[in-house]
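# Summary of the model geometry
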Amino acid sequence: MKHIKYKVDGDGIAFVTWDVMDAPVNIMNSTTMPEFFTAIKQAVNDEKVKGIVINSAKNDFIAGGDLKWFLNYDKSKQDCFEMLMETNRNLRLLETCNKPVVAAMNGLALGGGCEVALACHYRIMSNHPKNRMGLVECSVGLFPGAGGTQRYLRMMGPQKTIQYITQSKKLTAEQALKEGLVNEICSPEDDINALAKQWILNKGTSEQPWDQKKFKVPGTPVGVGQISGVDEFFSVSNAMAYKTTHGNLPHIKNVLSAIYYGASCHIDKALEIEARYFVDTLFSKETKNIIRSSFVFIGDAAKGKSKPKGYEVVSFKKIGVLGAGMMGAGIAYVSAKAGLDVVLKDVSKENAERGKEYAKTLEQKLLKNGYTTEAKIAALLQKIQTSNSVNDLSDCDLIIEAVFENEKLKNAVTKETEAVIGKAVIYATNTSTIPITKLAEASSKSDKFIGLHFFSPVEKMPLVEVIRGKETSEKTLAAAIDYVIKIRKVPIVVNDGRGFFTSRVFGKFVNEGITMLTEGIPPAVIENVAKKIGMPVGPLAISDEVNLKLMLDIMSEDPTLTPHEITLKNTVAAIVEFHHRTGKKEGKGFYDYPKNEKKSIWKGWEKIYPPQSDFDEEEVGKRMLFAMVIDAYKCLDAGVIREPKDADVGSILGLGFPIHTGGVMSYIDYIGAKAFGLYSEKLAQKYGERFKLPESLKIRIQEAGNNRVFYKN
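Read on for a plain summary of the structure. (Residues numbered from 1 in each chain as written. Predicted model: local features only at pLDDT ≥ 70, side-chain atom pairs only at ≥ 80, totals over all residues. Heavy atoms only, no water.)

### Some details on the sheet that holds strand E13 (residues 384-387)
- Sheet architecture is open: eight strands sit in the order E13-E12-E11-E14-E15-E16-E17-E18, paired in mixed fashion. Looking at strand neighbours, the two that pair on one side only are E13 and strand E18 (490-495), the edges of this open sheet. Averaged over neighbouring strand pairs, the angle between their axes works out to 25 degrees when direction is ignored.
- Bridging between strand E11 (residues 318-322) and strand E12 (residues 341-345) involves five bridges; their strand directions are parallel. Across the sheet, the residue bridging to Ile319 is Val342, located in E12. (Pairing = 2+ DSSP bridges. Helix = DSSP H or I, 4+ residues; strand = E, 2+ residues; numbered from the N terminus. Axes fitted to C-alpha atoms, helices over the stretch in contact; angles between N-to-C directions.)

### Concerning the pairing of strand E8 (residues 122-126)
- Burial analysis of E8 places five of its five residues in the buried class, which makes it a mostly covered element.
- Alternating positions in E8 separate into two faces, Tyr122, Ile124 and Ser126 on one and Arg123 and Met125 on the other, with burial throughout.
- Bridge analysis of strand E6 (residues 101-105) against E8 gives four bridges, and the strand direction is parallel. Following the sheet pairing, Ala104 is matched in E8 by Ile124.
- In this sheet, strand E10 (residues 184-186) lies alongside E8 in parallel orientation, the contact comprising three bridges. (Buried < 20%, exposed > 50% of the residue type's maximum accessible area, 1.4 Å probe, protein only.)

### Observations regarding the nonpolar core
- In terms of nonpolar packing, the biggest core is built from 178 residues, with Phe36, Ile52, Ile54, Met133, Tyr152 and Phe676 touching the most fellow members.
- Core analysis: the next-biggest nonpolar cluster, separate from the first, contains 38 residues, Phe316, Ala359, Leu381 and Ile400 among them. (Core = buried A, V, L, I, M, F, W, Y, C linked by side-chain atoms within 4.5 Å.)

### With respect to the sheet that holds E8
- Taken in spatial order, the six strands of this open sheet run E1-E2-E4-E6-E8-E10, and their pairing is mixed. A strand with exactly one partner marks an edge of an open sheet, and here the two such strands are strand E1 (4-8) and E10. In this sheet, neighbouring strand axes are inclined to one another by 20 degrees on average, regardless of whether the strands run parallel or antiparallel.
- Against the sheet, helix H8 (residues 192-202) engages strand E2 (13-18), strand E4 (51-56), E6, E8 and E10, with an angle of about 165 degrees to E4. (Contact = heavy atoms within 4.5 Å.)

### Some thoughts on the packing of helix H10 (residues 250-262) against helix H11 (residues 267-282)
- Axis separation between H10 and H11 bottoms out at 9 Å; the angle between their running directions is 170 degrees. Looking at the two axes, H10 sits roughly antiparallel to H11. For the pair H10 and H11, the contacting residues are Pro250, His251, Asn254, Ser257, Ala258, Tyr261 and Gly262 in the first and Ala270, Ile273, Glu274, Tyr277, Asp280 and Thr281 in the second.
- In terms of residue class, the contact of H10 with H11 is made up of six nonpolar, five polar and two charged. (Parallel < 35°, antiparallel > 145°, perpendicular 65-115°, else oblique. Nonpolar A, V, L, I, M, F, W, Y, C, P; charged D, E, K, R; others polar.)

### Concerning the packing of aromatic side chains
- For the structure shown, the criterion picks out 25 aromatic pairs.
- Ring centres of Trp602 and Trp605 lie 5.0 Å apart, and the angle between their planes is 85 degrees; on these two criteria the pair is classed as edge-to-face.
- Looking at Trp605, the relative accessible area reads 2%, which means it is buried.
- When the centroid spacing of 6.3 Å and the interplanar angle of 80 degrees are considered together, the rings of Tyr667 and Phe676 count as edge-to-face.
- Under the relative-accessibility criterion, Tyr667 is labelled buried at 3%.
- Judged by its relative accessible area of 0%, Phe676 falls in the buried class. (Phe/Tyr/Trp six-rings, centres within 6.5 Å; stacked < 30°, edge-to-face > 60°.)

### Quick notes on the pattern of salt bridges
- Across all of its chains, the model carries 38 salt bridges by this definition.
- One salt bridge connects Glu272 with Lys269, and the closest N-O pair in it is separated by 3.7 Å. Of this pair, Glu272 and Lys269 both sit in helix H11, three residues apart, roughly one helical turn.
- Overall, the relative accessible area of 22% leaves Glu272 in the partly exposed class.
- According to the relative accessible area criterion, Lys269 is partly exposed, its value standing at 43%.
- Close ionic contact of Asp592 with Arg581 constitutes a salt bridge, the shortest N to O distance being 2.6 Å. Pair noted here: Asp592 is in strand E19 (residues 591-592) and Arg581 is in the loop between helix H23 (563-577) and E19, with a separation of eleven residues, a long-range link.
- Here the salt bridges share partners, and the residues they tie into one network are Arg92, Glu95, Arg151, Asp211 and Asp268. (Salt bridge = Lys/Arg side-chain N within 4 Å of Asp/Glu carboxyl O.)

Nothing here speaks to function; it is geometry throughout.
Right, dumping it as structure tokens:
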């Protein structure tokens, strides 16, 4: 066997060792699982074998199922169901073989790897700081399909099972021991295989609790349908799930059903129930979209697949951050967190110190929750040097400018800084709207000038737009991507243009929301529908967050506004200048923000824009999404975005675009290419030019026929 090693020692202990060839981690797929099953059967059928240890030759135990295999799965639903049941039969053979079986979890045991461990009679987990176990499939649009839902349920009861699975919770060794998911923990220095063997020889038992006649699922002593309170609990769980997902995520609905209906059954029937719901989930278009975009595309981007070929990795040591506001402070923090030395410069030492204090505040929160120590905080803060002198930047090997969004100010800072730094030093500007090529005019080395557009708050938002100006060199682009990966962010490459990609496309979402308000669609409807379609926040609330005055300033400086956008600019101007409503910071925008009270939509909108009752809720949602999708395609068509997958990654991580659709480009196929074209035409006839499709997209849709426009799967 290539991927599973099998050995029986002199004491009759069979070691089934995962060691997947040509892979950094052990993954479960159509090649590795049959070998694993063969090894299990060999151990079970060998009379000389007294017990079985399942372990790993790699640093981790088993990382889980091969999601690319699932994405490209091209067999029937029945074939998929039979595959899952074959897995269940083999894991049940392991449980009922009358030989003690131990999982020796030396590293990560996630997803299917966790499920294999749960089928063992005893689990030992190494207490390494980075070691985790958990059923994490919901994070990629799936749920456990190899018995995980039913074994968790029988170990912890329904409440924690639902919580831990739907939240894809990863448990430390100590947490897993407390929850009863592992039986023993050991230090990384201990011989985990020797401990596993010792348990088999001294104490080994070979019966799972759920195979005992009087076993009852915790919290469900006589079955789900027959106990007061349990049905109510599941009803509340379903209601909460719908409130969060609005029914857009079938994997959440299906995992709750699998847990509910499996709770009152014998384990064998429960595994069949789980398998059927898993098949239904895997074959849904939402799950395919989530796997493709959240795992494959985002995973590739995070690894730097967009980096130009032929350039060695650049290891930055000391960076300068100009501007200690929230954005600059956040950049300094994540850079120091990644091990880089940072000079945080502002016009005054006091301002720079406030920026450093932001890092301390974030770390204190982690300390409170037990995720760091005072010593680690002190070491991190020591990496951030505050300054009000440009001379302190002289030995930096990367500069990131994050001053106020004003072209003249940015130009002045560029000239001042370039006078003291080395000629080879890359100069990056954090701007969300001003073209990089325009800002590079103030630089004496435009080939080393690039845009790094972070999102706020920097420590939470994973995306960074790496924006190349007309003169930016490939070498500079490659080095900038190296920096983004170093600080554990996800880079997408964007070519220059006003608003770049994310700011420009997100602006269409905001614009459409404000436009609908002026048409008399009630603001509460606009906001609630936005959340219902899967956006994290409504367009009016986000406008208040950004600030209407700032939005007006940006629109006023844009010479490329369409007639619709000019009308919109005048609307925003009236809101700001006549009604004096500018946003959250000032306490009044589309919402009122009374101190120590919950925000609420301002009642005055009813007098300015009398609400209408004749509106189509589906159309309200699609207007917001279609506005973004069509403009995103225009970015692709114009070369602002290089590949459709970059648009999908950017829209999910930067805009919060509904993940179940796969992103702005995947959305076209999610709706169906023909249906998308027809609905766009309807919106264009009703609302104007902004909903008209570019000719190249019409051609793509026509050529696709009944197939997908952008991706095969």
